[in-house]
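What follows is the residue order along each chain.
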Amino acid sequence: QVQLAESGGGLVQAGDSLRLSCAASGRTLSTYVMAWFRQAPGKEREFAAAISGSGDVANYANSVTGRFTISRDNGKNTLYLQMNSLKPEDTAVYYCAATPTRTLGIGTSQYNYWGQGTQVTVSS
């Protein structure tokens, strides 16, 4: 069974940076599309960024484009999300997701595996 474990969340000030990690285990995910979703209190889970298996193609939500960078290290079976210029509206639980497909989907239903989430809180 594929397991995903996020880490790196925390409390930061607006304008600060944070780097999230998602460690995968149980199977190598080098051929899986992986993504980050986030869910703020009272909101539905929303797409943030996705990356191809090889790491050479990425897709970002408009709300994070230019500020967030998704990357992966397949040698470590790990996904990353570098978050810069954080805003209070970025506050959410961030979830790592994966799917054995080549389509960089933006919907939660497109992903088969999910982590437990890591809290990111950005204060103004």
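Our structure is the block above this text.
Residues numbered from 1 in each chain as written. Predicted model: local features only at pLDDT ≥ 70, side-chain atom pairs only at ≥ 80, totals over all residues. Heavy atoms only, no water.

Draft legend 1. Fine view of the pairing of strand E3 (residues 18-25). Note: strand E1 (residues 3-7) against E3, 5 bridges, orientation antiparallel. If you follow Glu6 over to E3, its bridge partner there is Cys22. Pairing of E3 with strand E8 (residues 78-83) involves 6 bridges; the strand directions are antiparallel. Bridging across to E8, Ser21 finds its partner in Tyr80. (Pairing = 2+ DSSP bridges. Helix = DSSP H or I, 4+ residues; strand = E, 2+ residues; numbered from the N terminus.)

Draft legend 2. Broad picture of the sheet that holds E3. Pairing is antiparallel across the open sheet formed by 4 strands, whose spatial order is E1-E3-E8-E7. Every interior strand has two partners, whereas the edge strands, E1 and strand E7 (68-73), have only one. Averaged over all pairs of adjacent strands, the angle between strand axes in this sheet comes to 15°, irrespective of strand direction. Note that E7 and E8 share 6 bridges and pair antiparallel. For Arg72, the partnering residue across the bridge sits in E8 and is Leu79. (Axes fitted to C-alpha atoms, helices over the stretch in contact; angles between N-to-C directions.)

Draft legend 3. Region of interest: the state of the cysteines. Scanning all chains against the criterion turns up 1 disulfide. Through a disulfide, Cys22 is tied to Cys96; the S-S separation comes to 2.0 Å. Its S-S torsion of about -75° marks the bond between Cys22 and Cys96 as left-handed, since a negative value means left-handed. You can see Cys22 sitting in strand E3 and its partner Cys96 sitting in strand E9 (residues 92-99), a full 74 residues away along the chain. A relative accessible area of 0% places Cys96 in the buried class. (Disulfide = S-S within 2.5 Å. Buried < 20%, exposed > 50% of the residue type's maximum accessible area, 1.4 Å probe, protein only.)

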